[in-house]
Amino acid sequence: MNDIQSLYQQVILDHNKNPRNFGPLLSANHSADGLNPLCGDDITVHLLIENDIIKEISFEGSGCAIAKSSASIMTTVLKGKTIEQAEQLFADFHFVVTAPMDAELNEDSLGKMAVFSGVREFPARVKCASLAWHTMQSALHGKNITSTE
Ligand code: ZN
């Protein structure tokens with residue numbers, strides 16, 4: 001494992017152990033549940049959206065370290081963003097976890113999302129990493145349940 005990979009591992013373990021924005025959000029006006037039956041990840045994403053801006057965001061539920069840390073990092077990335085920016089960030093994240101291994105990733109603009117670039121080697125883990133993002137999108141678009149199957 002090289003230095004970058006072990007740094008990424010530490011970020012994932014930290015967010016798994018101390019998830020940010022974890023818990024219910026009483027003021028939420030958009031919520032959705034996301035299920036990844038292959039792994040058993042079950043995550044709910046709550047959003048408070050005002051004037052097309054994500055004012056507050058939280059998540060709850062349980063999942064593997066990848067699913068939980070991805071949800072935690074997602075909440076830190078999306079808070080304060082517009083819906084349009086959130087859609088773009090979703091596309092960026094999707095690229096991080098599905099791009100060919102030799103694709104060039106712009107790690108400066110991806111920030112913490114880049115820590116999930118390693119899951120490209122493990123196709124079953126891509127669903128864990130992207131569950132929270134798909135669930136966030138469902139919440140934005142008014143769907144209450146998301147399943148990655
Ligand atoms: Zn998982």
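Structure: above.
Note that the coordinates shown come from a computational prediction; the quantities given were computed from them, not determined experimentally. (Residues numbered from 1 in each chain as written. Predicted model: local features only at pLDDT ≥ 70, side-chain atom pairs only at ≥ 80, totals over all residues. Heavy atoms only, no water.)

Visitor: What's the story with the side chain of Thr 75 in this structure? I'm lost.
Guide: Topologically, Thr 75 is positioned in helix α2 (residues 65–78). According to the relative accessible area criterion, Thr 75 is buried, its value standing at 0%. Polar side-chain contacts of Thr 75 include one of 3.4 Å to the backbone oxygen of Arg 20. Within the structure, Thr 75 has its side chain in polar contact with the backbone oxygen of Ser 72 (distance 2.6 Å). When near neighbours in sequence (up to four residues on either side) are disregarded, Thr 75 contacts Arg 20, Asn 21, Ile 57, Ser 58 and Phe 59. (Helix = DSSP H or I, 4+ residues; strand = E, 2+ residues; numbered from the N terminus. Buried < 20%, exposed > 50% of the residue type's maximum accessible area, 1.4 Å probe, protein only. Polar contact = N/O pair within 3.5 Å; in protein donor to acceptor, adjacent residues only side chain to side chain. Contact = heavy atoms within 4.5 Å.)

Visitor: I'm lost on the packing of aromatic side chains in this one. Help?
Guide: Given two aromatic rings, one states the distance between the centres and the angle between the planes to describe the pair. All told, the structure shown has 4 aromatic pairs when counted by the stated rule. Ring centres 5.0 Å apart and planes at 75° place the aromatic pair Phe 22 and Phe 59 in the edge-to-face group. Pair noted here: Phe 22 is in the loop between α1 (3–17) and β1 (30–36) and Phe 59 is in strand β3 (residues 53–62), with a separation of 37 residues, a long-range link. When the ring of Phe 93 is compared with that of Trp 133, the centres are 5.0 Å apart and the planes differ by 15°; the resulting orientation is stacked. Residue Phe 93 is found in helix α3 (residues 83–98), and its partner Trp 133 is found in helix α5 (residues 123–140); the two are separated by 40 residues along the sequence. (Phe/Tyr/Trp six-rings, centres within 6.5 Å; stacked < 30°, edge-to-face > 60°.)

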